[in-house]
Amino acid sequence: MKYSTRVSDAVHVLAFIALNPVNSLTSEKIAESVRTNPGYVRQLMSALRVHGLLSSVKGHPRPALSRDPSAISLLDVYRAVEGQKPLLHLDTHTNPECGVGVNIQLALQDYFDQVQKKAEDAMAQITLQDILGRYEEKLAALAPPPSEGTGALGEEDCHG
């Protein structure tokens, strides 16, 4: 079963931009970090731009966040790239002549709706700033302290 990584990739794009506020960031450079193709990155950036999370000008490799990272929720990103798509999906190909096949899906939908609501409430509380903070914690835990003369994040990393 194929699952979507659009939310994860969109957060990655936003984080990459936030971490590289002065660098030239083409869709090719961002795609290298996400390990995908530039066309896909442009699609994500377009969705983020339409939903007011990102600003960019075609032909100018200087995308920027439209809001402070603390004002961008995970739910904002989810809605930008997934729209109203639910997290959980019913099997709509069950046998309509089977009482279990039809009614179990109706019963299950009630619970899926509860899960969706709780997930959205939780996602609304998680900000891009929270994610960036956790990123910094993970980075600090993995790397030895930077030696003098090197950047805090390390130039060898793919920060741009």
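Since this is a predicted model, take the numbers as computed values, not measurements.

Reading the values: rules and limits
Residues numbered from 1 in each chain as written. Predicted model: local features only at pLDDT ≥ 70, side-chain atom pairs only at ≥ 80, totals over all residues. Heavy atoms only, no water. Helix = DSSP H or I, 4+ residues; strand = E, 2+ residues; numbered from the N terminus. Expected span 1.5 Å × (residues − 1). Buried < 20%, exposed > 50% of the residue type's maximum accessible area, 1.4 Å probe, protein only. Arc of directions from axis to C-beta. Contact = heavy atoms within 4.5 Å. Pairing = 2+ DSSP bridges. 1 Å grid on protein atoms, 1.4 Å probe; cavity = no way out; pocket = protein on both sides within 12 Å on 5 of 7 lines; lining within 4 Å. Points joined across faces, edges and corners; volume = space filled by probe spheres on them. Nonpolar A, V, L, I, M, F, W, Y, C, P; charged D, E, K, R; others polar. Core = buried A, V, L, I, M, F, W, Y, C linked by side-chain atoms within 4.5 Å. Salt bridge = Lys/Arg side-chain N within 4 Å of Asp/Glu carboxyl O. Patch = residues over 30% accessible without salt bridge, like charges linked within 9 Å, V, L, I, M, F, W, Y side chains within 5 Å. Areas by Shrake-Rupley, 256 points an atom, 1.4 Å probe, with all protein chains shown as cover. pLDDT = per-residue confidence, 0-100. Polar contact = N/O pair within 3.5 Å; in protein donor to acceptor, adjacent residues only side chain to side chain.

This part takes up helix α3 (residues 38–50). Its 13 residues place the ends of α3 18 Å apart at the C-alpha level, agreeing with the 18 Å of an ideal helix rising 1.5 Å per residue. Every buried residue of α3 is listed here: Tyr40, Val41, Leu44, Met45, Ala47 and Leu48. Seen end-on, α3 carries its buried residues on one side only, within an arc spanning 160°. Packing partners of the buried residues in α3 comprise α1 (6–19), α2 (27–34), β1 (54–57), β2 (60–65) and α4 (74–82). Once α3 ends, the next one or two residues include Gly52, with phi positive near 75°.

Before going further, it helps to examine the pairing of β1. Direction of pairing for β1 relative to β2: antiparallel, over a ladder of three bridges. Counted as the bridge partner of Val57 is His60 from β2. The hairpin turn running from β1 into β2, its antiparallel successor, is two residues long, and Gly59 in that turn takes a positive phi close to 90°.

This paragraph deals with the layout of surface pockets. Volume-wise, the largest pocket comes out at about 290 Å³. Arg42, Met45, Val57, Lys58 and Gly59 are, among the 14 residues lining the largest pocket, the residues nearest its centre. Those elements that place two or more of their residues in the lining of the largest pocket are α2, α3, β1 and β2. For the lining of the largest pocket, the residue count by class is five nonpolar, five polar and four charged.

With that settled, consider the nonpolar core. Core analysis: the largest hydrophobic core is formed by 31 residues, its most contacted members being Ile30, Leu48 and Val77. Those elements that provide at least two residues to this core are α1, α2, α3, α4 and α6 (128–142). With eight residues, α1 is the largest single contributor of residues to this core. With sequence-adjacent residues up to four places away left out, Val77 is seen in contact with Val7, Ala10, Val11, Leu14, Leu48, Leu53 and Ile72.

Counting buried residues in α4 gives eight out of nine residues, a clear majority hidden from the surface. When we look at burial in α4, the residues that qualify are Leu74, Leu75, Val77, Tyr78, Arg79, Ala80, Val81 and Glu82. Next to the buried residues of α4 lie α1, α3, α5 (99–125) and α6.

Another aspect to go through is the pattern of salt bridges. Any two side chains of opposite charge can pair, given that their charged atoms come close. The tally for this structure, following the rule as stated, stands at six salt bridges. The closest approach of N and O atoms between Lys117 and Asp121, which form a salt bridge, is 2.9 Å. Here Asp121 and Lys117 lie together in helix α5, a separation of four residues that amounts to about one turn. Residue Arg134 pairs with Glu137 through a salt bridge whose shortest N-O separation is 3.5 Å. Taken together, the residues span about one helical turn, with Arg134 and Glu137 both in helix α6 at a distance of three residues. Since its relative accessible area comes to 52%, Arg134 is described here as exposed.

So, on to a nonpolar patch on the surface. A cluster of nonpolar side chains, contributed by Leu87, Leu88 and Val115, occupies part of the molecular surface with about 220 Å² of accessible area. The topology assignment puts Leu88 in the loop between α4 and α5.

The pLDDT averaged across the chain works out to 90; a share of 89% of its residues lies at or above 70. Below a pLDDT of 50 lies the segment residues 149–156, which in the model reaches eight contacts outside its immediate sequence neighbourhood of four places, other chains included.

Turning our attention to the environment of Ser66. You can see Ser66 is positioned in the loop between β2 and α4. Judged by its relative accessible area of 39%, Ser66 falls in the partly exposed class. Along the chain, Ser66 and Gly52 lie 14 residues apart, while their C-alpha atoms are 6.3 Å from each other. Dropping the residues within four chain positions of it, Ser66 is found in contact with Gly52, Leu53, Leu54 and Ser55. Within the local environment of Ser66, its side chain forms a polar contact with the backbone nitrogen of Ser55, the two atoms lying 3.3 Å apart.

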